[in-house]
Amino acid sequence: MREVLMLIVVLLPMFTGILTPMLSFRSRKAMCIYLETAVCVNSLLVFWLLFHAPDKTLTVFRFTHDLSITLGLDGMGAVYGGLVAFLWPLALLYGFEYMEGEEKEKSFFLFYVATYGVTLGVALSENILTMYFFFEMLSLVTLPLVMYTRTREAVLASRTYLYYMLGGAAFAFIGMIFVLVYGTTSSFVPGGVLDLVNVHEKKDTLLAVYVLCFCGFSVKTALWPFSSWLPKAGVAPTPVTALLHGVAVVNTGAFAVMRVTYFSFGTKLLRGTWAQYLVMGLAVFTIVYGCSRAVKETHFKRRLAWSTVGNLSYILFGVTLMTPMGMAGALTHLVCHSFMKSCSFLCAGAVIHKTGKNYIYQLDGLGRKMPKVFACFGVSALALTGVPGLCGFVSKWYLAEGAVDSGEPLALAGTAALMISALLTAVYMLSILVRVFFPKKGFDPAEIEEVREPGWRMLVPLGVLAVCILCLGLYSEPLVRMLKEIADF
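Residues numbered from 1 in each chain as written. Predicted model: local features only at pLDDT ≥ 70, side-chain atom pairs only at ≥ 80, totals over all residues. Heavy atoms only, no water.

(A) Quick look at the packing of helix α10 (residues 249-265) against helix α13 (residues 300-321). The geometry of α10 relative to α13 is characterised by a closest axis approach of 10 Å and an angle of 15° between their N-to-C directions. When the interaxial angle is binned, α10 and α13 end up roughly parallel. Crossing handedness for the pair α10 and α13: right-handed. Along the contact surface, α10 presents Val250, Asn251, Ala254, Val257, Met258, Thr261 and Tyr262, while α13 presents Thr308, Leu312, Ile315, Leu316, Gly318 and Val319. Looking at the contact of α10 with α13, its residues break down into nine nonpolar, four polar and no charged. (Axes fitted to C-alpha atoms, helices over the stretch in contact; angles between N-to-C directions. Helix = DSSP H or I, 4+ residues; strand = E, 2+ residues; numbered from the N terminus. Parallel < 35°, antiparallel > 145°, perpendicular 65-115°, else oblique. Left-handed = near helix turned anticlockwise from the far one by under 90°. Contact = heavy atoms within 4.5 Å. Nonpolar A, V, L, I, M, F, W, Y, C, P; charged D, E, K, R; others polar.)

(B) Structural detail: the pattern of salt bridges. Applying the stated rule across the entire model yields eight salt bridges. With its nearest N and O atoms 3.0 Å apart, the salt bridge here joins glutamate 100 to arginine 457. Of the two residues, glutamate 100 sits in the loop between α3 (75-98) and α4 (105-123) while arginine 457 sits in helix α19 (residues 456-474), which places them 357 residues apart along the sequence. Given a relative accessible area of 44%, glutamate 100 falls into the partly exposed group. (Salt bridge = Lys/Arg side-chain N within 4 Å of Asp/Glu carboxyl O. Buried < 20%, exposed > 50% of the residue type's maximum accessible area, 1.4 Å probe, protein only.)

(C) A look at the nonpolar core. Residues Phe217, Trp229, Phe265 and Phe377 are the most contacted members of the largest nonpolar core, which totals 170 residues. Broken down by element, the residue count for this core peaks at 16 residues, all from helix α14 (residues 324-355). Ignoring anything within four residues of it in the chain, the contact list for phenylalanine 217 reads Met131, Tyr132, Phe135, Ala172, Gly253, Ala256, Val257 and Val260. (Core = buried A, V, L, I, M, F, W, Y, C linked by side-chain atoms within 4.5 Å.)

(D) Representation of a nonpolar patch on the surface in the model. Together, Leu11, Phe15, Ile18, Leu19, Met22 and Leu23 make up a nonpolar patch on the protein surface, roughly 530 Å² of accessible area in all. Relative to the assigned elements, methionine 22 resides in the loop between α1 (2-19) and α2 (28-51). You can call methionine 22 exposed: its relative accessible area is 60%. (Patch = residues over 30% accessible without salt bridge, like charges linked within 9 Å, V, L, I, M, F, W, Y side chains within 5 Å. Areas by Shrake-Rupley, 256 points an atom, 1.4 Å probe, with all protein chains shown as cover.)

(E) Summary view of the packing of aromatic side chains. Enumeration over the complete set of coordinates arrives at 26 aromatic pairs. Ring geometry for tyrosine 132 against phenylalanine 173: centres 5.8 Å apart, planes inclined by 55°, an arrangement best described as tilted. Of the two residues, tyrosine 132 is situated in helix α5 (residues 128-146) and phenylalanine 173 in helix α6 (residues 152-182); the sequence distance between them amounts to 41 residues. On the accessibility criterion, tyrosine 132 (14% relative accessible area) is buried. (Phe/Tyr/Trp six-rings, centres within 6.5 Å; stacked < 30°, edge-to-face > 60°.)

(F) Local environment of α2. An ideal rise of 1.5 Å per residue puts 34 Å on 24 residues; α2 measures up with 35 Å between its terminal C-alpha atoms. Taken residue by residue, α2 has Met31, Cys32, Leu35, Glu36, Ala38, Val39, Asn42, Ser43, Val46 and Leu49 as its buried positions. Where α2 is buried, its residues touch α1, α3 and α4. (Expected span 1.5 Å × (residues − 1).)

(G) Just the layout of surface pockets, in detail. Empty space within the largest pocket amounts to approximately 580 Å³. Lining the largest pocket are 21 residues, and of these Val79, Gly82, Leu83, Leu479 and Met482 sit closest to its centre. Where the lining of the largest pocket is concerned, the elements lending two or more residues are α2, α3, α14, α19 and α20 (477-487). (1 Å grid on protein atoms, 1.4 Å probe; cavity = no way out; pocket = protein on both sides within 12 Å on 5 of 7 lines; lining within 4 Å. Points joined across faces, edges and corners; volume = space filled by probe spheres on them.)

(H) Geometry of helix α16 (residues 371-385). Under the 1.5 Å per step criterion, the end-to-end length of α16 is 20 Å for 15 residues, consistent within 8% with the ideal 21 Å. Along α16, the positions that sit buried rather than exposed are Val373, Phe374, Cys376, Phe377, Gly378, Ser380, Ala381, Ala383, Leu384 and Thr385. Buried residues belonging to α16 abut α13, α14, α15 (366-369), α17 (391-406), α18 (409-437) and α19. Note on α16: the residue one or two positions beyond its end, glycine 386, has a positive phi of about 100°.

(I) Summary view of the packing of α16 against α19. Packing of α16 against α19 leaves a shortest axis separation of 9 Å and a crossing angle of 30°. Taken as axis vectors, α16 and α19 run roughly parallel relative to one another. For the crossing formed where α16 meets α19, the hand is left-handed. Residue-level inspection shows Lys372, Val373, Cys376, Val379, Ser380 and Ala383 of α16 in contact with α19, the latter providing Leu459, Leu462, Gly463, Ala466 and Ile469. Considering only residue class, the contact of α16 with α19 consists of eight nonpolar, two polar and one charged.

(J) Representation of empty space enclosed by the protein in the model. Going through the model one piece at a time under the given rule, you end up with three cavities of 30 Å³ or more. Every residue along the wall of the second largest cavity is listed here: Val9, Val46, Leu49, Leu50, Leu73, Gly81, Leu120 and Leu124. Among the elements that take part in the lining of the second largest cavity, α2 stands out by supplying three residues, more than any other. Residue composition of the lining of the second largest cavity, by class: seven nonpolar, one polar and no charged.

(K) Quick look at the pairing of strand β1 (residues 58-64). Summarising the sheet, β1 and strand β2 (residues 67-71) pair through five bridges and their orientation is antiparallel. Counterpart to threonine 64 in the pairing with β2 is leucine 67. What sits between β1 and β2 in their antiparallel hairpin is a turn of two residues. (Pairing = 2+ DSSP bridges.)

(L) Main features of the environment of leucine 483. One can find leucine 483 in helix α20. Residue leucine 483 is classed as buried on the basis of its relative accessible area of 0%. Separated by 395 residues in sequence, leucine 483 and tryptophan 88 have C-alpha atoms that sit 22 Å apart. Here leucine 483 is in contact with Val79, Ala328, Leu331 and Thr332, once residues within four sequence places are set aside.

(M) Broad picture of the side chain of asparagine 251. With respect to the helices, strands and loops of the structure, asparagine 251 is situated in helix α10. Only 2.6 Å separates the side chain of asparagine 251 from the side chain of serine 338, close enough to count as a polar contact. (Polar contact = N/O pair within 3.5 Å; in protein donor to acceptor, adjacent residues only side chain to side chain.)

(N) Representation of the environment of aspartate 195 in the model. Along the polypeptide, aspartate 195 turns up in the loop between α6 and α7 (203-218). Since its relative accessible area comes to 29%, aspartate 195 is described here as partly exposed. For the pair aspartate 195 and alanine 381, spaced 186 residues apart in sequence, the C-alpha separation works out to 46 Å. Among residues more than four places away in sequence, those in contact with aspartate 195 are Tyr182 and Thr184.

Take a look at the structure:
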C-alpha cells in the first residue's frame, strides 16, 4: 500500500490539473475549492508517506532488467518532497487571487497543479533514469507557464528557456549514459555506483563526463554561464516565478546535482580532482556574479531573479565540497532558500499586482500603504542577507563551516565569496526597504493614495512563510540534526 501511495501522490496532481479544463464549475470559487482541496489532500498524503516510509520500491515500468521507471523514498527525497508538499498549497492559494480576472485561467492551473506531481516525481525517483525522465518532463510542463501571457517578451523568454533546458538535457543525458554503462546499477546508492577498480583507466573520461553532467543539471539552477534564462523567465505570472525561482525548477536542478555527485559518480572518484575544482570554481564565481548583477538591476522581479542565481550557487558550492558537512550545508540552504525566496517573490508579486509598478525606483512610500507585505518582505530580505536569528544565517553558517572543515584553498575562497555575497545582498535587498519606508525628497503621497494591501489569499501565504523563516532561524537544531544524519552516509 505504501509503495502504491508514492505513485498516487505523483499522479493525483497531474490528473487534477488535466481535468480542470474539462470540468464545468458553477463558479470560479468552486474551481478554486476543487484545486486547493486536491493539492492539500495530496500534501497530506505526502506527509503521511514521509512518516511511514515504504520499505520497498515501486517499479512503474521496466525497459530491461536494470532500466526502469522506479519510485522510492530515502532521506534526501523525503526532505525535498516534504518541502514541495508544504509550499505548494500556499503558492496555489496565492495564485487564486493573483490570477483573478485573467484569461485562460483553467489552462494556467492545469500546468500549475500538474507541475506539483512532476516535481514530486523527481523527489521520489529511485534511479537516475527515473529522475532524468521527470526532470525533463518538468521543463515541458513549465514552458507553457513561462509563455502564459503570450506577449512578445514572454514568447522570447520561453524560447530562451527551452533552448537552455534542451542543452542541459543533452549534457545530463551523456552523464546518465556513462553511469548506466560503467555503474554497477542504475539505482541511487550512497557513495556512488562506479566500480573504481574497473574504471581506473577511464578515470579522466569519467571526470570530464561528470563536469558535463554537473553543468547539464545545473542549467536549471542558472549556473554561470547558463544564467540568462532565469531573469527573462520573470515575465511569467508571479505564482509561476515563485515556483521557478524558489521551489520547483531551480531546486530540482540542485537536487539532481546532489544525486549524481553523491549517489551516482561518488565522491571517492571526484574528490581532489580537477573536476571538483572546476565545478567548485564555477559555483564560487556564480555566487558573486549573481549578486553583482542583482545590485545593478532596477526591475523588481529581475533583481530577485539575479539574487536566485547567486543563492542557488550556495547549494552547488556545498555540493562541490564533497564532504558530509558540505552536503548538510547544501541541504540546509535548499530548505531555507525555498522559504526565503518564495516569500520575497510573492511579496514582489503582491506589490506589482496591486500597484502595477515593476521598477524599484517606482516603489517610494509603498511601505506605508502595504505594511504587512513589506514587513514580510523585510523578514525575507534580512534572512537572505544572513542576519542572525533568521534561517539564512543558519544555512550560510553551515556552508562556511563545511568549507573551512574541508581545508581546500578554493573552498576557503568560497567562504570569502559568501561574505562578499552577504554584503552585496544587504545592498540590493535593504535598499528596497529604505526606499519603500523612507521615500526620497519631493515624493508626493497622492501618487499612491489608492494603493491598498492585497486580500487574505495573498497575505496568509506571506505570513506563513515569514513565520517559517523566523522559526527556522531561532530553532534550527532539529532540522540541521536531521539533515546531518541524512548527509552522513
